[in-house]
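Below, each chain spelled out in residue letters.
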Amino acid sequence: MKNTFLITMCDLSLEALKAYPPNETRILMIESQRKWQALPFHRKKMVLGISAMRHFALELQRAGYEVDYRHEPDFASGIEAHHHQYQPGQILAFQPREWGMLQILQRLSENLPLTQIPNPFYFLPREEFIRWADSQQNLRMENFYRWMRRRENILIQNGKPAGGQWNFDKQNRRPPPNRAYPDPPLVEPDAITRKVIQIVQAQEGFWGSADDFRLPVTRAEAWTWMEHFFRWRFADFGPYEDAMRRGDWLVTHSMLSAFLNLGLLHPREVVERAIQSAEEYAVPLNSLEGFVRQVLGWREYIHGMYWYKMPEYRTVNYFELERNLPDWYWQPDKCELACLRDSIEMVKQHGFAHHIHRLMVLSNFATLAGVNPLRLSEWFWAGFVDAYEWVELPNVLGMATYADGGLLASKPYISSGSYIHKMSDYCSDCRFDVHQKLGENACPFNYLYWYFLDRQREKLSQNPRMTVIYRLLERKSAEEKAAIRRESEHFLARLPQGNSDYHFQYDAG
Ligand code: SF4
């Protein structure tokens, strides 16, 4: 009697199945309507996920597996129907990446022979992260990253960090580069992808368009995409990783997160290839270390923190912010702030914008405007091709909005317009003036920043990393503070309200 292996959209790796050969194992794959209806997802995200699954089903068949590929109202009914039809000895599944799927599997395992296999798609098994976290006084990423570098012996020489330092952040804060980079290797859709595009385009309730979908949907295509990044952008990744350029959705970034998070690439092979490529293409250490930090450090840390803090992580809201996400986040054309409009348009067009757009524009604005952080997290989850709950809760509620009260970040990532001006070319094409602090033409980030600090004094002024900034606030005259309050409230009163109608089904399967 064969066992069944349940393969979800994030498990698309033949290598991960090598202990479960075709003569012993049948594969179950399910497209769940309920899962996709949980949020107004971006159409490119839908096409990426569905087309990658369909391509992987063919790859499995070519490798000799029998595949039961089902279209079902939800995962639970798909698993039950499969069990009824095939009566497998066991149903195996990798530990799910998300809380909702874990609840479904645990519920089903009361009546079905369901077994979870340790998730092989990370460097670190989640149980080991939990052991690490339990042994720490301070759960900051930097401590975890150094521990991972030593544990995996990556960029370590004679027990010390390569180049004599753990990070090269000071070299990695340059404003936008003047040069252009070759386009990534976009993929002409084949018949499978064209069919998925047709289905997704015809559906109501999703966001953006997939008509021009050209992303990799197989491991081979994702590998080519990765190699292209190493060849053409990697050397500049470090110095320009925080830079933003109008209309440039990648700048020097790779977007490999989209393919890592589907299982098409494994983080270990990506890091190993990065180290080889750095030699081949004479990539400087500040770029190599910056890249390794993202994959070995940040991605593993975020995954671990999600499982360490679920399910309470869904409820954190340190600043008690309750505004709906303004409509601009779905319809950017009416937004007058050039940086915000372009960042949202980028997401609407590509399903992607890099980490500084996410942190210092999209999240910064939402926090300063008092948006509920969970609504913002849902938007990221819906709109980005690399986003899932395990990615977004710690990134948005922890890192970007400080909604967890400082578990992940030592201070909120908020800023006035000057940071955006320094790191982008947006301000020269904006109807607002980044140098004006108050008045009709003043950059809204400028007064909203001080207004936020003023309102959150009780929760932030004792933070040692905020002392200097609160001293500056105290030096402002009563008249200036009153003007900041007046202009901020006037601006916020005119913000488009946002749609409170959608309710994300968190444990939708
Ligand atoms: Fe953004 Fe302000 Fe610059 Fe306009 S002036 S692009 S709103 S930072």
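Scroll up for the structure.
Residues numbered from 1 in each chain as written. Predicted model: local features only at pLDDT ≥ 70, side-chain atom pairs only at ≥ 80, totals over all residues. Heavy atoms only, no water.

(A) Highlighting helix α8 (residues 219-232). Here α8 contains 14 residues, and its C-alpha end-to-end distance of 20 Å stays within 8% of the 20 Å for a straight helix at 1.5 Å per residue. Turning to α8, its buried residues number three or more, namely Ala222, Trp225, Met226, Glu227, His228, Phe229 and Phe230. Looking at the packing, one finds that the buried side of α8 touches α9 (234-240), α10 (257-260), α11 (267-280) and α12 (285-309). (Helix = DSSP H or I, 4+ residues; strand = E, 2+ residues; numbered from the N terminus. Expected span 1.5 Å × (residues − 1). Buried < 20%, exposed > 50% of the residue type's maximum accessible area, 1.4 Å probe, protein only. Contact = heavy atoms within 4.5 Å.)

(B) Molecular detail of the site of the ligand. Taken together, the residues surrounding the ligand are Leu337, Cys339, Gly417, Ile420, Tyr426, Cys427, Cys430, Phe432, Val434 and Cys443. Residue classes in the shell around the ligand are distributed as 9 nonpolar, 1 polar and no charged. (Near = heavy atom within 4 Å. Nonpolar A, V, L, I, M, F, W, Y, C, P; charged D, E, K, R; others polar.)

(C) Looking closely at the side chain of histidine 228. Along the chain, histidine 228 falls in helix α8. Overall, histidine 228 belongs to the buried group, its relative accessible area being 16%.

(D) Expanded view of the environment of glycine 208. Mapping glycine 208 onto the fold places it in the loop between α7 (191-202) and α8. Residues within four places of glycine 208 in sequence aside, it is in contact with His42, Arg43 and Lys348.

(E) Local environment of the pattern of salt bridges. Applying the stated criterion to the full structure yields 33 salt bridges. Salt-bridge contacts for lysine 44 lead to aspartate 212; the nearest nitrogen and oxygen are separated by 2.7 Å. Linking lysine 44 in helix α2 (residues 43-62) with aspartate 212 in the loop between α7 and α8, this pair joins segments that are 168 residues apart in sequence. Two residues, glutamate 142 and arginine 293, come together in a salt bridge whose shortest N-O distance is 2.8 Å. Of the two residues, glutamate 142 sits in helix α6 (residues 141-152) while arginine 293 sits in helix α12, which places them 151 residues apart along the sequence. Looking at glutamate 142, the relative accessible area reads 21%, which means it is partly exposed. Each member of the salt-bridge network shares a partner with another, and the members are Glu142, Arg146, Arg149, Glu289 and Arg293. (Salt bridge = Lys/Arg side-chain N within 4 Å of Asp/Glu carboxyl O.)

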